[in-house]
Amino acid sequence: MTTTEWITDIVLVLVVFRQLREDRLDRKTFLIPLGIVAFVAYSYLDSVPTAGNDLVLIAALTAVGAALGVAGGVYTRIRALDGHLMIKAGAVSAILWVLGMGARMGFQVWAEHGGGADDVARFSVAHHITSDQAWVTAFVMMAVTEVVTRVATIYLRSRARARAVSPAVPVLDGTA
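The rules behind each value
- Residues numbered from 1 in each chain as written.
- Predicted model: local features only at pLDDT ≥ 70, side-chain atom pairs only at ≥ 80, totals over all residues.
- Heavy atoms only, no water.
- 1 Å grid on protein atoms, 1.4 Å probe; cavity = no way out; pocket = protein on both sides within 12 Å on 5 of 7 lines; lining within 4 Å.
- Points joined across faces, edges and corners; volume = space filled by probe spheres on them.
- Nonpolar A, V, L, I, M, F, W, Y, C, P; charged D, E, K, R; others polar.
- Helix = DSSP H or I, 4+ residues; strand = E, 2+ residues; numbered from the N terminus.
- Expected span 1.5 Å × (residues − 1).
- Buried < 20%, exposed > 50% of the residue type's maximum accessible area, 1.4 Å probe, protein only.
- Core = buried A, V, L, I, M, F, W, Y, C linked by side-chain atoms within 4.5 Å.
- Contact = heavy atoms within 4.5 Å.

Enquirer: I'm lost on empty space enclosed by the protein in this one. Help?
Expert: Empty space among the atoms becomes visible once a probe the size of a water molecule is rolled across them. Throughout the structure, instances matching the rule amount to 1 cavity of 30 Å³ or more. Taken as a whole, the largest cavity holds about 50 Å³ of empty space. For the largest cavity, the full set of lining residues is Arg18, Gln19, Arg21, Asp23, Arg24, Thr29 and Ile87. Classifying every residue of the lining of the largest cavity by side-chain character gives 1 nonpolar, 2 polar and 4 charged.

This is how it looks when you write it as structure tokens:
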């Protein structure tokens, strides 16, 4: 793994740890994680391989990312306090986030440095996965989808919460 990959993965893990303490739900709640995954997608998604079962691998890991993201968003507490919406990632949300990010990091370290390259190659041949780029695309799409679905779930829940409390409670706090 490159230094940039380590930094990106660690920053994504720290995003949720930052939310373990309650804070105002504001634009940065959404923009920071979306900005990080936009950078990751721009950096690593050169092409989407479509040969063999590449798309099956990509779709499967994208679905895992979506499930982790929705669950993480559901297990994030949103409440109104003094005219603002507050957000706090729960233990389940943090565990799911670290599990998703950690699984990607662990797979990459194992495949590159832990002797897993031969196992991945054998699996790829047996399942008609045609290139390394299929694995890169699948894991990047998993991360992007996890972040986007988590953020979208939190946004939708915050809108519902704001309407339930009072029309005066803004969904996005523009003061922070």
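Having seen the model, we can carry on.
Enquirer: Explain the layout of surface pockets to me, please; I cannot follow it from the model alone.
Expert: Put simply, the largest pocket is a space of about 640 Å³. Gln108, Glu112, Trp135, Val136 and Phe139 are, among the 25 residues lining the largest pocket, the residues nearest its centre. At the level of elements, α1 (3–18), α2 (27–44), α4 (91–113), α5 (117–126) and α6 (132–165) are the ones that each hand at least two residues to the lining of the largest pocket. Its residues assigned to classes, the lining of the largest pocket shows 15 nonpolar, 5 polar and 5 charged.

Enquirer: Mind showing me how you'd approach α4 here?
Expert: In an α-helix, one turn spans 3.6 residues; hence positions three or four apart end up facing the same way. With 23 residues, α4 extends 31 Å from end C-alpha to end C-alpha; this agrees with the ideal 33 Å at 1.5 Å per step. Every buried residue belonging to α4 is among Ser93, Ala94, Leu96, Trp97, Gly100, Met101, Arg104, Met105 and Ala111, and all of these are buried. Backbone geometry just after α4 places Gly115 at a positive phi near 85 degrees.

Enquirer: Which parts of the structure should I look at to understand the nonpolar core?
Expert: Ranked by internal contacts, the top residues of the largest apolar core, which has 20 residues, are Leu12, Leu25, Met101, Val147 and Ile154. For this core, the secondary-structure elements that each account for two or more residues are α1, α2, β3 (84–89), α4 and α6. Per-element accounting of this core gives the leading share, 6 residues, to α6. Setting aside its immediate chain neighbours within four residues, Val147 contacts Leu12, Pro33, Leu34, Val37, Trp97 and Met101. By size, the runner-up hydrophobic cluster in this structure holds 13 residues, among which are Leu61, Leu68, Trp135 and Met142.

Enquirer: Which parts of the structure should I look at to understand unusual backbone geometry?
Expert: Excluding glycine, residues mostly carry a negative phi; peptide bonds, for their part, are mostly trans. Although it is not a glycine, Asp82 sits at a positive phi angle of roughly 50 degrees. Within the secondary structure, Asp82 sits in the loop between β2 (76–81) and β3. We classify Asp82 as exposed; its relative accessible area is 71%. Residues other than glycine seldom take positive phi values, yet His128 does so here, at roughly 60 degrees. Inspection of the secondary structure puts His128 in the loop between α5 and α6. Relative accessible area serves as the criterion here: at 51%, His128 is assigned to the exposed category.

Enquirer: Even after reading the chapter, I still don't get the environment of Phe17, so can you show me in this structure?
Expert: Mapped onto the elements, Phe17 comes out in helix α1. A C-alpha to C-alpha distance of 20 Å links Phe17 and Phe39, two positions 22 residues apart in sequence.

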